[in-house]
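Structural overview
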Amino acid sequence: MRKITIDPITRLEGHGKIEIFLNDAGEVENSYFQVPELRGFEKFSEGRPAEDMPQITQRICGVCPEAHHMASTKALDDLFHVDPPSPAKKLRQLLYSAFMVADHTTHFYILAGPDFIMGPEAPVAERNILGVIAKVGLELGGAVIKTRMQNHHIIHMVGGRAIHPVFGLPGGVSKALNEEERKEIEQIAKDSVEFGKLSLKVFDDIVLKNKEYVDMIVSDAYTHYTYYMGLVDENNKVNFYDGKVRVVDPEGREFAKYAPREYLEHVAEHVEPWSYIKFPYLKNVGWKGFVDGKDSGVFRVAPLARLNAADGMTTPLAQEAYEKMYSTLGGKPVHHTLAMHWARLIELLYAAERLVELSQDPEITSPDIRTIPTAVPDEGVGIVEAPRGTLIHHYVTDERGVIKKANLIVATVNNAAAVNMSIKKAAMALIKPGKEITEGLLNRIEMAWRPYDLCLACASHNLPGYSPLPIAVYDSKGKLIKRFPEN
Amino acid sequence: MKTLVLGLGNPIFSDDSVGFRVIQGLRDKFSRPGLTLMESSASGLGLLDLITGYDRVIIIDAIKTEGGQAGKIYRLNAENLSATRHLASPHDINLATAFELGKKLGIALPQEITIFAVEVVDVTTFSEKCTPEVEKAIPLAVTMIAEELGGD
C-alpha cells in the first residue's frame, strides 16, 4: 500500500497530519485526518474558580481566544443564573463583531485567498500573501493590515486587552464605553463595512468571473450533502453571539432547534480507534459512518453552515449578498465546501454592519453593565458561533463555584467528520493511477479542508518559519518517492 | 532606542510557556526606560502588529527540532530567518513573510531582530509547568537576554 503524508497541514495554526492510503492499483483507499492529542484539560480545570475559565480557556487557542472568552462568559451567566443588563450584552457583541471582522479578514486573505488569487497550482513561492498583494496591489494589502489592526484596537478598547480580553464576567462586563471611544469605534466600523464590500467585490472579480473557479466550486469533488448547524435569533437570522442552535437537513428543512442547555439531547460523539478527536453527530439521526445524506448524522458548522441553517441576515448589505450567493449557486442549502469562502465574506460584511449598528446604539455607552450574581452556582452551558463554527462550553461546579467538571466542544471538532469526508472525496477525485502526484495536486486536496478554517487548538508556537514543513509521498513498499519541500 | 523583548507561546501548554516564563524572569530583575517586556500568543500577522514601531526586537520562543536536545537554547538572527523563510515559504505566513509584507507596505519595522529559541519537549499537555530540562533553561535564557540587552 502506498502512503501519502501531508504533515503538518500547511497554512494552519497548530499541527495536524493527513495520511492518504493508496491501494495496489494506485487509487485512494482511505484517508485520515489526525490532530495531536491535548491532554489533561479536565484535570487542569478541576478545582479552579469558575470565574477564571474565561481567562484560562481563551489560552487554549492561538487563533480564536475571543470566541472561547465569550462562550465561557456566557456559560458563567448560566452557571450563576444571572441575566446581564442589555448594555453589557451589546458591549459583548460589539467586541465579538470586531473579532469576526478581523478573523474572517485573516482567513480569506492569508489562508484562502492565495489559492484563488494566485491559482491552486501556482508556484508555492507565490501562493501566499506576498503574491496576493503583488497581484492585487499594495493598496488592498494595506487595507487588510489596517482592518485587522483597527478591529484589534476595538477589542483592546472594549475588552481591556488586545487579543485576550479580560472583560467578561458572570452577569455582564467589567468596563463601560465612553463617548470618545464610541466615536472612534463608529468610524472603524464604517471603514470595515467598506472593506467588507470591497472584499466581496474582489471575490466577485477574481473567483466568480473565472469559469474555471466556479466549475471547481460546484464540482462533485468539493461537495457534500450534510446537515448544517448554527446559532439563530428569534427570527431565525444568523447570530454569532446568542440565540438557539438550529439544525437544517440536507434539503434545507429545519430538523432541530434547541437551547444551549439541551445540546446533549442533540449531539453525541462517535469514537474511532485512530483518532484522538471524537466525532460529534446528530443523536437523533445516528452515526452511519463518514457518509453524506439525510440518513447520516454528520453535520457541518462554520460560515456556510450558519447561512444554510438560518433564514437570512439582519443587516441590509449582508442580506443582499446572502441572496446573491444562493441565487447564483442554485438555492438553499448550498453544499459546496468551497462556497464557504464566499459565505465567510458575507459574514465579514454582516459583522461590520453589526459593528456600525452597535456603535450607534444609544445604550452602548450606558454604565449599567453588570448584574451581580446572587444565586448558588451549579451548572452552566454557553454557546457562541466561533468564526469556525459552533463552540460549546459546559461547566459543573460545587456550591462555591469551584469547577468539578468541564467539557468543551470546539468548532473544528464539530466539523471533524465532514473534514475527513472532504479530504477523502477530493483525494479520490484527484489522485488517479499513473497520474503524477504534484505539489499542485496536493494543494488541491488541501483546498478541500482549508474552507473549514481548521483550528487545532494546539497553539504550540514553535518558532514560525523555522522548521521546513514536509509533505512526503511513499510508494507501496513504504519507500519515500517524493518529498516537499525538497531539502 | 525603543526595544521590545517579546515572549511567545502559550502559558497553559507545558513547555510552550517557556517564552512567557523568561519574560517573567526578566521582569523580576530588569527594567529600564525604552524597554518593553511583553508576552504574546500571536503569530503571523499578529506579530507584525506587535513589533511595529520598535527599533530593536528580541523574541523568545519554543522550538522543536528533529532530534533536538531538550533545554538547548539557540540564538538566531535575521540571516537565519531569511534562510528559513526560504525553506518554509510555501506555508503559513511566518515571521519572515510578515516582515517582508510589512516592508512592502512601508510599515515602520525594527532594524534588528534577534531570536532566542528553547528546544522543548511537551507542548500538548495542559500545565503551567515546564518539563525539567526546559525549566532549567529558563534562568539561562534570562541571563542570555540580559547580556544581549546589556550593550544598549
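Residues numbered from 1 in each chain as written. Chains lettered and ligands numbered in written order. Predicted model: local features only at pLDDT ≥ 70, side-chain atom pairs only at ≥ 80, totals over all residues. Heavy atoms only, no water.

1. Notes on the sheet that holds strand E13 (residues 389-397) of chain A
All names here are of chain A. Counted only if it meets this: Each pair of strands is called paired provided DSSP finds at least two bridges between the two strands. Helical segments are the DSSP runs of H or I of at least four residues, strand segments are the runs of E of at least two, and each set is numbered from the N terminus. Only the stretch in contact is used when fitting a helix axis, every axis being a line fitted to C-alpha atoms; angles between N-to-C directions are given from 0 to 180 degrees. Whether two residues are in contact is decided by their heavy atoms: any pair within 4.5 Å suffices.
Pairing within the open sheet is antiparallel, and its three strands lie in the order E12-E13-E14. Strand pairing shows two members of the sheet lacking a second neighbour, strand E12 (379-386) and strand E14 (403-409), which therefore form its edges. Each strand of the sheet is rotated relative to its neighbour by a mean of 10°, with strand direction disregarded. The pairing of E13 with E14 spans six bridges and is classified as antiparallel. Its bridge partner being in E14, His-394 is matched across the sheet by Asn-407. Sheet strands touched by helix H3 (residues 65-79): E12, E13 and E14. Its angle to E12, the strand with the most contacts, is close to 150°.

2. Looking at the domain arrangement of chain A
Many descriptions give the size of an interface as the accessible area lost when the pieces come together. Residue and element names in this part refer to chain A. The criterion, for reference: Note that domain bounds follow an automatic or database assignment of domains. Summed over both partners, the accessible area lost on bringing two parts together, with a 1.4 Å probe, is the buried area. Within this document, salt bridges are pairs made up of a side-chain nitrogen of Lys or Arg and a carboxyl oxygen of Asp or Glu, the two lying within 4 Å of each other. Polar contact criterion, stated in full: a pair of N or O atoms within 3.5 Å, where within protein one must be able to donate a hydrogen and the other to accept it, and residues adjacent in sequence count only if both atoms are side-chain atoms. By the convention adopted, Pro, Cys, Tyr, Trp, Phe, Met, Ile, Leu, Val and Ala count as nonpolar, Lys, Arg, Asp and Glu as charged, and the other residues, Gly among them, as polar.
Domain parsing of chain A yields domain 1 (2-36 + 430-484) and domain 2 (83-222 + 336-371). In this complex, domain 1 contributes 14 residues to the contact, which on the side of domain 2 involves 20 residues. For the domain 1 and domain 2 pair, buried surface summed over both sides reaches about 1,500 Å², with 52% attributable to carbon and sulfur atoms. For the interface between domain 1 and domain 2, the tally reads three salt bridges. Put simply, Arg-444 and Glu-121 hold a salt bridge, and the shortest N to O gap is 2.6 Å. Viewed at the interface, domain 2 and domain 1 are joined by nine residue pairs in polar contact (both at pLDDT 80 or more). Broken down by element, the residue count for the side of domain 1 that touches domain 2 peaks at seven residues, all from helix H15 (residues 439-449). Class assignment of the residues belonging to the side of domain 1 that touches domain 2 gives a composition of seven nonpolar, two polar and five charged.

3. Observations concerning the sheet that holds strand E7 (residues 244-248) of chain A
The strand order E8-E7-E6-E11 (chain A) describes an open sheet built from four strands, whose pairing is mixed. Either end of the sheet is taken by a strand with one partner, and the two such strands are strand E8 (254-258) and strand E11 (299-300) of chain A.

4. Structural notes on the packing of aromatic side chains
All names here are of chain A. We count it as follows: Whether two aromatic rings pair depends on their centres lying within 6.5 Å, for rings of Phe, Tyr and Trp, where Trp uses its six-membered ring; planes under 30 degrees apart make the pair stacked, over 60 edge-to-face, and the rest tilted. Sitting over a ring, as applied to charges here, requires NZ of Lys or CZ of Arg to be within 6 Å of the ring centre and within 35 degrees of the ring normal.
Summed over all chains, the structure comprises 20 aromatic pairs over all chains. Aromatic rings pair up to connect Phe-21, Tyr-32, Trp-274, Phe-279, Tyr-281, Trp-287 and Phe-290 into one cluster. The ring of Tyr-241 is capped by Lys-74, whose NZ or CZ atom sits 4.9 Å from the centre of that ring. Note that Lys-332 overlies the ring of Tyr-326, its terminal NZ or CZ placed 5.6 Å from the centroid.

5. Describing helix H4 (residues 86-117) of chain A
Residue and element names in this part refer to chain A. The line we're drawing: One axis is fitted to the seven residues ending at the residue and one to the seven starting there. The bend at that residue is the angle between these axes. Each residue is assigned to one of three classes by its accessible area relative to the maximum for its type, calculated with a 1.4 Å probe on protein chains only: buried under 20%, partly exposed between the two thresholds, exposed over 50%.
Bending of H4 peaks at approximately 40° at the position of Leu-111, with proline Pro-114 no more than four residues after it. Burial within H4 is extensive, with 29 of its 32 residues counted as buried. Following H4 by one or two positions, Gly-119 adopts a phi angle in the positive range, close to 100°.

6. Some remarks on the pattern of salt bridges
All names here are of chain A. Evaluation of the coordinates by the stated rule reveals 43 salt bridges over all chains. Here Lys-190 makes a salt bridge to Glu-186, at a shortest N to O gap of 3.6 Å. Of the two residues, Lys-190 and Glu-186 are both situated in helix H7 (residues 179-208); the distance of four residues between them amounts to about one turn of the helix. Classification of Glu-186 as buried rests on a relative accessible area of 14%. With a closest N to O distance of 4.0 Å, Arg-253 and Asp-249 form a salt bridge. Relative accessible area serves as the criterion here: at 48%, Arg-253 is assigned to the partly exposed category. Overlapping salt bridges, with partners in common, bring together Asp-115, Arg-127, Glu-439, Glu-446 and Arg-450 in one network.

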